[in-house]
Amino acid sequence: MRMEVIVAAVAFGLFFSSGLVLGKVDNRDLLNPDLLSVDLTLISGAAARGAVCLDGTPPGYHLHPGIGSGANSWVIQLEGGGWCNSIKNCVFRKTTRRGSSKFMEKRLAFTGILSNRSEENPDFYNWNRVKLRYCDGASFSGEGQDQANGLFFRGQRIFEAGMEELMEKGMKNADQALLSGCSAGGLASIIHCDEFRDLFPSTVKAKCMSDAGFFLDVIDAAGGHTLRYFYAGVVGLQGVAKNLPSSCTSHLNPTSCFFPQNLVANIKTPFFLLNAAYDAWQFQESLVPGSADPHGEWKACKVDRSHCNSTQIQFLQDFRMQMLDDIKPLTRSDQNGLFINSCFAHCQTELQDTWYANDSPLLGNKKIAESVGDWFFNRSPVKAIDCAYPCDKTCHDLIVS
């Protein structure tokens, strides 16, 4: 049965103008006393090396230790939360949990891929599970500073400081490790994948996964390039270019190299891409942002797909086809995995309902958690690509009201 989750725009965080974006928080997770809640730890010594949030406060993470057979296994989840592309946006962002550890939750519920219950997270429940908090606004990739406005663009240093801290906490003894991330964190897992792999000896099984991080350089409903323009601001303002893979920047401009479609072909590390073919965030903010729909012709369609006309449906199908074309490099290697479901969703590893539950999304009769596990442990190849909308009845679609 297709499930639809109605999310107010402010909860979904669909705002380029504020720099707060991406990802739905299920408040039930934060209030449920039965769920594992993990304390925030600030990274010791981070400030001394300049690895700080936008406002200069130290970055942080949440770690729940592994036990038993998972004691030397690690899964790192890079938090998402959009980007800021201008001084104004970044100044605002540093007054939120996305730009300052002063405003971060002191405890987070660990669900989905971070759950410690085998019935909720069969392959990774007893691993060391980490969420690295996101407070830089450039997918853990910036390097710079704006002294006049008290802004620190230190995403790359935060990533490095986080990995160094976790190595000291025991990750140096890992026998297997998975770098993952949702949304802007999913983009970060693409950018940093090979860097993560290089932390370990060749004998360690280290792999990467991106959840909802495959942001496309597409033409919007008005014929413009909304996301390309926005990314140009992020890359230019935050000094991202120097931290992007040279395999891309050697022949493309830095903004183009912030788009995964121009990065995935050169990832050497085994890589899994989990993405909704009609990514709910990209639909709302890249394909049909308010600026591209001044007369509200898409309003009804964005709220309820049954109200989309044939031209609008075809526009969405063209987006899916571009995604399928752009991920072709990942299909050419047996070491990579894919789960591309034809849903209007965004971030499916972090919510229990979509990761592993009785009614979770399915492809080939497998849930997302099962597919990721089959790929990571080499139990079977996973190259799952859904048929076109509206064929999938197992989706948990996000509807923005």
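Above this note sits the structure.
All chains use their own residue numbering, which begins from 1 and follows the written sequence. Owing to the predicted nature of the model, reporting of local features is limited to residues with pLDDT of at least 70; listing and counting of side-chain atom pairs is limited to 80 or more, with chain, interface and lining totals taken over all residues. Heavy atoms throughout the structure, all of them, feed into the side-chain values; hydrogens and water do not.

Student: Can you walk me through the overall build of the protein chain in this structure?
Tutor: Starting at the N terminus, helices and strands are each numbered in turn, a helix being any DSSP run of H or I of at least four residues and a strand any DSSP run of E of at least two. A tally of helices and strands in the protein chain yields 14 helices and 16 strands. Radius of gyration means the value over C-alpha atoms here, while the globule rule gives 2.2 Å times the residue count to the 0.38 power. The C-alpha radius of gyration computed for the protein chain amounts to 20 Å, which stays within 12% of the reference 21 Å derived for 401 residues, consistent with globular compactness. Its C-alpha atoms give the protein chain principal-axis dimensions of roughly 55 × 55 × 45 Å. In the protein chain, which comprises 401 residues, the share counted as buried stands at 60%. Pairs at least 24 apart in sequence give 76% of the contacts found in the protein chain among residues at least 6 apart. For the protein chain, the exposed surface amounts to about 15200 Å²; the carbon and sulfur share of it is 52%. Throughout this description, buried means an accessible area under 20% of the type-specific maximum (1.4 Å probe, protein chains only), exposed means over 50%, and partly exposed covers the range between. Contacts between residues were defined by any pair of non-hydrogen atoms, one from each residue, lying within 4.5 Å. Per-residue and other accessible areas follow the Shrake-Rupley method at a 1.4 Å probe size, with only the shown protein chains counted as cover for residues.

Student: Is there a simple way to explain helix α11 (residues 310-326) in this structure?
Tutor: Owing to its 3.6 residues per turn, the α-helix aligns residues three or four sequence positions apart on the same side. Under the convention used throughout, the expected extent of a helix is 1.5 Å for every residue step, that is, one less than its residue count. Here α11 is 17 residues long and its end C-alpha atoms lie 24 Å apart, about the 24 Å a rise of 1.5 Å per residue gives. Those residues of α11 lying buried are Gln-312, Leu-316, Gln-317, Phe-319, Arg-320, Met-323, Leu-324 and Asp-326. On its buried face, α11 is in contact with β11 (271-276), α9 (280-287), α10 (299-303), α12 (328-331), β12 (337-341) and β15 (383-385). Whenever two N or O atoms come within 3.5 Å, that pair is a polar contact, provided that in protein one can donate a hydrogen and the other can accept it, and provided that, for residues adjacent in sequence, both atoms are side-chain atoms. Measuring from the side-chain oxygen of the N-cap residue of α11 to the backbone nitrogen of Thr-311 gives 3.1 Å; that N-cap residue is Asn-309.

Student: Before we go on, may I ask you to explain the nonpolar core in this structure?
Tutor: Side chains of a nonpolar character, in soluble globular proteins, are inclined to be buried together. Grouping buried Ala, Val, Leu, Ile, Met, Phe, Trp, Tyr and Cys residues that are joined through side-chain atoms within 4.5 Å yields what is termed a nonpolar core. Counting residues in hydrophobic clusters, the biggest one holds 77 residues, and the most contacted among them are Ile-76, Trp-83, Met-171, Phe-196, Phe-200, Tyr-231 and Phe-258. In terms of residue count, the dominant contributor to this core is helix α4 (residues 155-168) (six residues). Residues within four places of Tyr-231 in sequence aside, it is in contact with Trp-83, Leu-187, Phe-215, Thr-255, Phe-258 and Phe-259.

Student: I'm lost on the sheet that holds β12 in this one. Help?
Tutor: Hydrogen bonding along the main chain pairs the strands of a sheet, whether they run parallel or antiparallel. Following DSSP output, two strands are said to pair if at least two bridges run between them. One open sheet accounts for ten strands, arranged β5-β2-β3-β6-β4-β9-β10-β11-β12-β15; its pairing is mixed. In the strand order of this sheet, the two ends are held by β5 (107-109) and β15, each with one partner. With strand direction ignored, the average angle separating the axes of adjacent strands in the sheet is 20°. Sheet topology places strand β2 (residues 37-42) next to β5; three bridges connect them, and they run antiparallel. Across the sheet, Ser-37 pairs through a bridge with Ala-109, a residue of β5. In this analysis, axes come from line fits to C-alpha atoms, helices being fitted only over the stretch in contact, and the angle between any two N-to-C directions falls in the range 0 to 180 degrees. Packed onto the sheet, α4 meets β2, β3 (60-64), β4 (73-78), β6 (128-132) and β9 (176-181) and runs at close to 155° relative to β4.

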